[in-house]
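Residue-level structure breakdown
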Amino acid sequence: MRYLPHTEIERADMLARIGVDHVDELFADVPGHLLLKEPLDLPRRKSEQNVARALAKMAARNVPAGSVPFFVGAGAYKHHVPATVDHLVQRSEFLTSYTPYQPEISQGTLHYLFEFQTQVALLTGMDVANASMYDGSTGTAEAVLMAHRITKRRKAVLSGGLHPHYASVVRTQSELASDDVVTLSPDVEAREDLLAAIDGDTSCVVVQTPDVFGNLRDLTAVAEKCHAHGALLIAVFTEAVSLGLVKSPGAMGADIVVGEGQSIGNALNFGGPYVGLFATRQKYVRQMPGRLCGQTSDAEGRRGFVLTLSTREQHIRRDKATSNICTNSGLCALAFTIHMSLLGEAGLKRLARINHANAVKLADMLKSVKGVELLNGTFFNEFTLRLSGNAHEIVEKLAAQNILAGVPASRLLPGKGLDDLLIVANSEVNSDEDRAAFIAALKEVL
Amino acid sequence: MAQTRYTKDHEYIRVEGDVAVVGITDYAQKQLGDVVFVELPQAGANVAKGAQAAVVESVKAASEVYAPVSGEVVEVNSELESSPALVNEDAAGKGWFLKMRISNAGELSELMDETAYEAFVQSCG
Amino acid sequence: MLNRQGRPTEAGDASLSWHDTFTGNRGLQLEEALIFETGRIDVTGVDLDEPEAFAPRLGALMREEEIGLPGLSEPEAMRHYVRLSQKNYAIDSGLYPLGSCTMKHNPRLNEAMARLPGFADIHPLQPPSTVQGALALIEELSGWLMALTNMDAVAMSPKAGAHGEYCGMAAIKAAIAAKGEAATRRFVLVPESAHGTNPATAAAIGFEVKSVPAGADGKVHPDAVRALMGPDVAAIMLTNPNTCGLFETEIVEIAQILHEGGGYFYCDGANFNAIVGKVRPGDLGIDAMHINLHKTFSTPHGGGGPGSGPVVLSSRLSPFAPVPFVRRNGETLQMVEDAAGTQALGRLTAFHGQMGMFVRALSYILSHGGDGLKQASEDAVLNANYVRACLADLMSLPFGNRPCMHEVLFDDTWLKDTGITTLDFAKAMIDEGYHPMTMYFPLVVHGAMLIEPTESESRASLDLFIMTLRDLAFSALRGEKERFSGAPYLAPRRRLDETKAARSPVLRWTPLQPVAE
């Protein structure tokens, strides 16, 4: 077996040094009748070539985004990632190191985490950010728990524009912890009255912008009312690129900002691994979940970085920890940081403008299609259409023509009477040809 | 002279007229190592004897500080927020945690006096 | 400074310290600034064409202010991150004996497979008809995990080990609620030696933790469990093999006690690497166990993540697995995404779990096959016992010199009276070119040193590691304190001031003249 260095002679020598005749003597603590005497009835080892063949065959049965006109978003976005990013992420010393518990020999990881935290804080308009969460959805659930700790209240109000899967993760968690959740109705056109839902029992209000239907939301009034009632505003985003062009949640008064960082530096990966971004105000830092990297100096006075404030965490606080989270999303955070360093402010803003321009272009083209109505007053690179037919069926028909047209709202919100709604994303990867093909195919099936 | 009493969890309580000053002992701060943060209750809070009144954190540990007796917290040492090192430098003085108005003075007699506490520390090794 | 070991020291005497070089560099050890100190707001390493003029649809929400994000050209970025990488220890460069972490070789075939566009470039919300290969991969990996554990079902969506614990314990809570016992079964039994995630998870789900004492032999005994078992106990969370590196001999009886009392058995599968193909957790009476794909199945740790923590479930818990999951319907694979009308838990994460890690894990599993997986576990156990046998005369074993599983636990009794601590000893390993072992865990042993060499190490590599530890141990026993107390001397950084970091946290870069709020 190519990954196992020992020869049979070496194994025998080592057993002799240990003082046993057979390796099973080392398993003496296992109840004898439960120790498997024969190998399980499973396929035998395979060469590298044969494994590659088997997996390539499975991969070939999927339709990659890059191979077709592609307009799917709703929480994960296809962007071009420079080749440099993946090359650097695959550096042995990044890829195959552990959590930086030994800072003297982990400065590489700690240094980029410090850069990552700073980038996220700047991007969200907040004071501090952590070293990342699993993804945007679990980060949102953690933000709700954090708000409960700070306000000592247990009721979260979820906007009807919050990604339904995120809302579902919050509800699962809250049910288990016996916390209250109020979920407002699906809010396709950003008309809900969030202010009316805030009262003296409210711990936090969770609002996404751009929301799952693509609408931009001004959070200022919600923030004001939250603060007047001693509640916190949690702002969520799923498309990090939007922050290059849209007012930051911090500037609109958010107390915790949490979002999905996949769209910068990371591939679609069928849903994971992704990277949750998590930022807050300085005064709440000790209530934050997750790893934090901080600056300090070494015994010779040189600048260095360490994991810090770890008394919040499970390995010290155990059942009183702020969260049970142990890992961050290190490599995905690294990819985010490298891509963001390459973009810089100038590149990020231009990338965001291209995304918005492309979406505007597509929206304008859709005006010419009979049976299509654009529901958004505002949007960044994604919007919702009302179609004159069943969106799910239309998506399937277009998929059969190798066009991936978007996400039917009914897939995210089954049984809510939203069968005619289609959520369509459009980033810098979409060409004029892609858009033309989409419009032509849509005209045909409607 | 003020009367000082000690608990088995290494808190001290020093009665000064109407109020009593609560902190952790010098032995406790040495065991903890560098104190990096102290979480204090709100003034006005009522605490019962033996209930958690504060949390003291070193780099690698978080320890609960329990109320030596029952009473109302009348003041907390807000200087510890910016200077937690005071606990290490002067545990019995500037490193105090909180002042409380004792609701049942009888509870004090259940605590150790200085001689008994010194013997107790000896037995801790 | 370099001659503290009493060795030939010409090189040490002649060497410069960082104080003496103009750059602060020491040969190939290069100092590196933060991007905020070297990057520029108007520089970008990505060429993009400005779009033609258009009418924005942002309402009044345009971001007007400067963000403050520096940019780097491509060569600058390349050099910056390559230099940073060189400051890290890694499995690819050396033995990484972190107990309980399973730092084994990460095959590059896995990386190549995970980057096939058919896996990396597919969206979680594409029509299922366009991702049949991805669903087939999840189904096949699930099949292997169930076969290796002899369990009924597997929930694939948990994003990491701790998230898997959360999933398994949530399933247990749901099962208890379904029996109408949610109000009464409030306690979870957790041994003192457990990972911190176990009590943290139990608390997050609203359980209260009762601590189970370990026996003098490092194991949990049925009597201790029986004494705590009652109608108010929901479950036990037990790590097996445990964090002392020992197989819980009486695990079957412990499972029986839980089951007869109406409770459930959660197993922390962090140490599954010791027993793959040797024992099946389902045969031990386990109801739920997470599997860290980043430990046992070689997906990279990546400096702290991403992980992946599928949870295998017994038939008693399988109805409560969270959505989404894959279901076969003849030739077609479907994705069940809606929990409505079933007993399934709701979502624990937005999408289907760590697909990128599933591809890597299956690549590893297919490479090994059933026979190779069994051999890997045997070699992992062999290597740990070899380390034990070769160090037992010098370093103290808290539970006696007896066979361990895939990791061996020493304590600091042997360092008594040397003035050298476990931490000092571990830091001195860094100067010798090794990553330290896991220290001060498990908590039940004083000054714990937990060594897990994994099956990836050759005999020659183990021999050099053992000789190095022996040399360090003799040095410690001879009282050569300086070699330890100031270590590491030769790493990119000396010991870092963690007190300063925690007392006044600096968690981000700020410009020299901060802008007032």
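Residues numbered from 1 in each chain as written. Chains lettered and ligands numbered in written order. Predicted model: local features only at pLDDT ≥ 70, side-chain atom pairs only at ≥ 80, totals over all residues.

Regarding the overall build of chain C
- Along its length, chain C carries 15 helices and 12 strands.
- Taking 517 residues into account, the globule formula puts the C-alpha radius of gyration at 24 Å, and chain C, at 26 Å, falls close to it.
- Taking the principal axes of its C-alpha atoms as reference, chain C extends roughly 75 × 75 × 50 Å.
- With 517 residues in all, chain C has 58% of them scored as buried.
- Long-range pairs, those at least 24 residues apart, make up 72% of the contacts in chain C with a sequence separation of at least 6. (Helix = DSSP H or I, 4+ residues; strand = E, 2+ residues; numbered from the N terminus. Rg over C-alpha atoms; globule rule 2.2 N^0.38 Å. Buried ≥ 20, exposed ≤ 12 C-beta atoms within 10 Å, placed from the backbone. Contact = placed C-beta atoms within 7 Å.)

With respect to the overall build of chain B
- Secondary structure summary: chain B contains 4 helices and 9 strands in total.
- Listed by position from the N terminus, the elements making up chain B come as β-β-β-α-β-β-β-β-β-α-α-β-α.
- Its C-alpha atoms give chain B a radius of gyration of 13 Å, within 12% of the compact-globule value 14 Å for 125 residues.
- Each principal axis of the C-alpha atoms in chain B carries an extent, and together these give about 35 × 35 × 25 Å.
- Split into buried and exposed, the 125 residues of chain B put 39% on the buried side.

Re the sheet that holds strand β12 (residues 449-451) of chain C
Residue and element names in this part refer to chain C.
- Sheet architecture is open: 3 strands sit in the order β10-β12-β11, paired in antiparallel fashion. The outermost strands of the open sheet, each flanked by one partner alone, are β10 (408-410) and β11 (438-439).
- As defined by bridge partners, β11 adjoins β12 across 2 bridges and the pair is classed as antiparallel. Paired with T438 across the strands is L450, a residue of β12. (Pairing = 2+ DSSP bridges.)

Some details on the environment of A:C226
- On the secondary structure map, A:C226 appears in helix α8 (residues 220-228).
- Put simply, A:C226 and A:G415 are 189 residues apart on the chain and 31 Å apart in space, counted from C-alpha to C-alpha.

Overview of the interface of chain A and chain C
- Listed as interface residues are 165 residues of chain A and, on the opposing side, 172 residues of chain C.
- Ranked by the residues each element gives to the side of chain A that touches chain C, the list is headed by helix α10 (residues 330-366) of chain A, at 20 residues.
- For the side of chain A that touches chain C, the class distribution of residues is 85 nonpolar, 51 polar and 29 charged. (Nonpolar A, V, L, I, M, F, W, Y, C, P; charged D, E, K, R; others polar.)

Focus: the domain arrangement of chain C
All names here are of chain C.
- According to the domain assignment, chain C contains domain 1 (110-365) and domain 2 (372-502).
- Taking the mean C-alpha position of each, domain 1 and domain 2 sit 30 Å from one another.
- On the side of domain 2, 20 residues touch domain 1, which itself brings 19 residues to the contact.
- Grouping the amino acids of the side of domain 1 that touches domain 2 by side-chain chemistry returns 9 nonpolar, 7 polar and 3 charged. (Domains from an automatic or database assignment.)

Concerning the sheet that holds strand β1 (residues 153-155) of chain C
Residues and elements named next belong to chain C.
- With mixed pairing, the 7 strands of this open sheet are ordered in space as β1-β7-β6-β5-β4-β2-β3. If you trace the sheet from one side to the other, it starts and ends with β1 and β3 (208-212), each paired once. In this sheet, neighbouring strand axes are inclined to one another by 25° on average, regardless of whether the strands run parallel or antiparallel.
- Pairing of strand β2 (residues 187-191) with β3 involves 5 bridges; the strand directions are parallel. If you follow P191 over to β3, its bridge partner there is V212. (Axes fitted to C-alpha atoms, helices over the stretch in contact; angles between N-to-C directions.)

A look at the packing of helix α2 (residues 48-59) of chain A against helix α11 (residues 355-391) of chain C
- In contact at an axis separation of 9 Å, α2(A) and α11(C) are set at 140° when each is read in the N-to-C sense. By the angle between their axes, α2(A) is oblique relative to α11(C). Regarding α2(A) and α11(C), the two cross each other, and that crossing is right-handed. Residues A:V51, A:A54 and A:L55 of α2(A) form the contact with α11(C), whose participating residues are C:V359, C:S363, C:L366 and C:S367.
- Here the residues of the contact of α2(A) with α11(C) sort into 5 nonpolar, 2 polar and no charged. (Parallel < 35°, antiparallel > 145°, perpendicular 65-115°, else oblique. Left-handed = near helix turned anticlockwise from the far one by under 90°.)

Notes on the confidence of the model for chain C
All names here are of chain C.
- Across chain C, the average pLDDT comes to 94, with 95% of residues at or above 70.
- Scored below 50 in pLDDT, residues 6-14 shows 5 contacts in the model against residues more than four places distant or in partner chains.
- Quick note on the complex model: pTM equals 0.95, ipTM equals 0.97. (pLDDT = per-residue confidence, 0-100.)

Side note on α2(A)
- With 12 residues, α2(A) should cover 16 Å at 1.5 Å per step; its first-to-last C-alpha distance of 16 Å lies within 8% of that length.
- If you check which residues of α2(A) are buried, you get A:V51, A:L55, A:M58 and A:A59. Looking down the long axis of α2(A), one finds its buried residues gathered within 100° of arc, a one-sided arrangement. Opposite its buried face, α2(A) presents the exposed residues A:Q49, A:N50, A:R53 and A:K57, each directed more than 90 degrees away.
- Tucked inside the fold, the buried residues of α2(A) contact α4 (108-114), α5 (117-120), α6 (132-149) and α11 of chain C. (Expected span 1.5 Å × (residues − 1). Arc of directions from axis to C-beta.)

Description of the pairing of strand β11 (residues 382-387) of chain A
Residue and element names in this part refer to chain A.
- Counting buried residues in β11 gives 5 out of 6 residues, a clear majority hidden from the surface.
- Both strand β10 (residues 372-374) and β11 contribute to a ladder of 3 bridges, which runs antiparallel. Opposite E373, over in β11, you have R386 as the bridge partner.
- Relative to strand β13 (residues 421-425), β11 runs antiparallel, the two sharing 5 bridges. Across the sheet, residue R386 finds its bridge partner in β13, namely L421.

Topic: the nonpolar core
- Counting 345 residues, the largest nonpolar core has A:V205, A:V206, A:I234, C:A171, C:I172 and C:L313 as its most contacted members.
- Residue contributions to this core peak at 19 residues, all from α11(C).
- Beyond its immediate chain neighbours, meaning those up to four positions away, C:I172 contacts C:A234, C:A235, C:Y264, C:Y266, C:A288 and C:L317. (Core = buried A, V, L, I, M, F, W, Y, C linked by C-beta atoms within 7 Å.)

Details of unusual backbone geometry
- Here A:T209 and A:P210 are connected by a cis peptide whose omega angle stands at -10°.
- If you trace the backbone, A:P210 turns up in the loop between β4 (202-208) and α8.
- Residue A:P273 follows A:G272 across a cis peptide bond; omega there is 5°.
- Assignment of secondary structure puts A:P273 in the loop between β6 (256-260) and β7 (276-280).
- In this structure, A:S132 is a non-glycine residue whose phi angle is positive, near 105°.
- Looking at the secondary structure, you find A:S132 in the loop between β1 (128-129) and α6 (136-151).
- Take A:S132: there are 32 C-beta atoms within 10 Å of it, and that puts it in the buried class.
- Although it is not a glycine, C:D417 sits at a positive phi angle of roughly 75°.
- The topology assignment puts C:D417 in the loop between β10 and α12 (422-431).

A few points about the environment of C:C390
- With respect to the element layout, C:C390 can be found in helix α11.
- By C-beta crowding, C:C390 is classed as partly exposed, having 19 other C-beta atoms within 10 Å.
- In the structure, C:C390 is positioned 80 residues away from C:R470 in sequence and 8.9 Å away in space, judged by C-alpha atoms.
- Discounting residues that sit within four places of it in the chain, C:C390 has contacts with A:R17 and C:I466.

Details of the pairing of strand β8 (residues 293-297) of chain A
Residue and element names in this part refer to chain A.
- Among the 5 residues in β8, 4 count as buried, and that is most of the element.
- Note: β8 against strand β9 (residues 303-307), 5 bridges, orientation antiparallel. Following the sheet pairing, C293 is matched in β9 by L307.
- Count of turn residues in the β8/β9 antiparallel hairpin: 5 residues, of which G301 carries a positive phi of about 85°.

Quick notes on helix α7 (residues 164-176) of chain A
- With 13 residues, α7(A) should cover 18 Å at 1.5 Å per step; its first-to-last C-alpha distance of 18 Å lies within 8% of that length.
- Counting buried residues in α7(A) gives 11 out of 13 residues, a clear majority hidden from the surface.
- For α7(A), the set of buried residues is A:P164, A:H165, A:Y166, A:A167, A:S168, A:V169, A:V170, A:T172, A:Q173, A:S174 and A:L176.
- Looking at the buried positions of α7(A), the neighbouring elements they touch are α6, β2 (155-158), β3 (180-183), β5 (232-237) and α12 (409-412) of chain A together with α7 (161-178) of chain C.
- Once α7(A) ends, the next one or two residues include A:S178, with phi positive near 55°.

Here's the deal with the environment of C:L109
- Along the chain, the position of C:L109 falls in helix α4.
- Along the sequence, C:L109 and C:A361 sit 252 residues apart, while their C-alpha atoms lie 11 Å from each other.

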